[in-house]
Amino acid sequence: ELTAQSLTVTITEALAVDHANGSTNDIDFAQTYTHTYGSIANVSKRIVKLANTNLTEVATFGSTTADGAFVRADVRYIRVTNLDSSDALQVGLDDEASDAGYTSVAADSSIIYTGTTVEGDNGGSTLDNATALKVKGSSNQQLEVFIASV
């Protein structure tokens, strides 16, 4: 039997800018941020190869669990990584009614969501429950999807 554990996510940014004045007095902009998500009992990690350039559903969210479907209220962490070395990837949460939020994820980059709500209206006054995680990229483009829930 599986026992829930904590998922620790660490983001490290390393940058030192040189003054180019002949001395070694770089300005350090390095930062590390760590966050722990407790009681994670369910994890899905998979590589997806896009068949075409159409908008593609890679996960769904609702009130029950099924193949590729997650209980919306239980999702704590979603990471989508664009594994392509040259093409950007469109990634977004969609309520498949009136709201969706998509963004471009650069080559060899990731986007992280810590919930499953979305607002597509200007002003973002009311967040709606997303029903799907969708992507759009080039034909044969690969991405990794990691979802952790309680």
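Everything below is about the structure shown above.
Before going into details, it helps to say that this report is about the structure given with it. (Residues numbered from 1 in each chain as written. Predicted model: local features only at pLDDT ≥ 70, side-chain atom pairs only at ≥ 80, totals over all residues. Heavy atoms only, no water.)

What follows is about the nonpolar core. Grouped together as the largest cluster of nonpolar side chains are 22 residues, with contacts concentrated most on Phe61, Ile78, Val80, Val91, Leu133 and Leu143. Looking at this core, the elements with two or more residues in it are strand S6 (56–62), strand S8 (75–82), strand S9 (89–94), strand S11 (110–113), strand S14 (132–136) and strand S15 (142–149). Dropping the residues within four chain positions of it, Val80 is found in contact with Leu89, Val91, Ser109, Ser110, Ile111, Leu133, Leu143 and Glu144. Membership of the second largest hydrophobic core comes to seven residues, among which are Val9, Tyr37, Phe146 and Ala148. (Core = buried A, V, L, I, M, F, W, Y, C linked by side-chain atoms within 4.5 Å. Buried < 20%, exposed > 50% of the residue type's maximum accessible area, 1.4 Å probe, protein only. Helix = DSSP H or I, 4+ residues; strand = E, 2+ residues; numbered from the N terminus. Contact = heavy atoms within 4.5 Å.)

Glancing now at the packing of aromatic side chains. Under the counting rule described, the total for this entry stands at three aromatic pairs. Arranged with centres 5.3 Å apart and planes meeting at 55°, the rings of Tyr37 and Tyr77 form a pair that is tilted. With Tyr37 in strand S4 (residues 31–40) and Tyr77 in strand S8, the pair connects residues that are 40 residues apart, well separated along the chain. Across the pair, Tyr77 and Tyr37 agree in class, each one buried. Measuring from centroid to centroid gives 6.4 Å for Phe61 and Phe70, while their planes differ by 40°, and the two rings are tilted. Ring-pair connections join several aromatic residues into one group, and the members of that group are Tyr37, Tyr77 and Phe146. (Phe/Tyr/Trp six-rings, centres within 6.5 Å; stacked < 30°, edge-to-face > 60°.)

Positive phi, close to 60°, is recorded for Ser39, a residue that is not glycine. Positive phi values are uncommon outside glycine, yet Asp108 reaches one of about 55°. In this structure, Asp108 sits in the loop between strand S10 (100–105) and S11.

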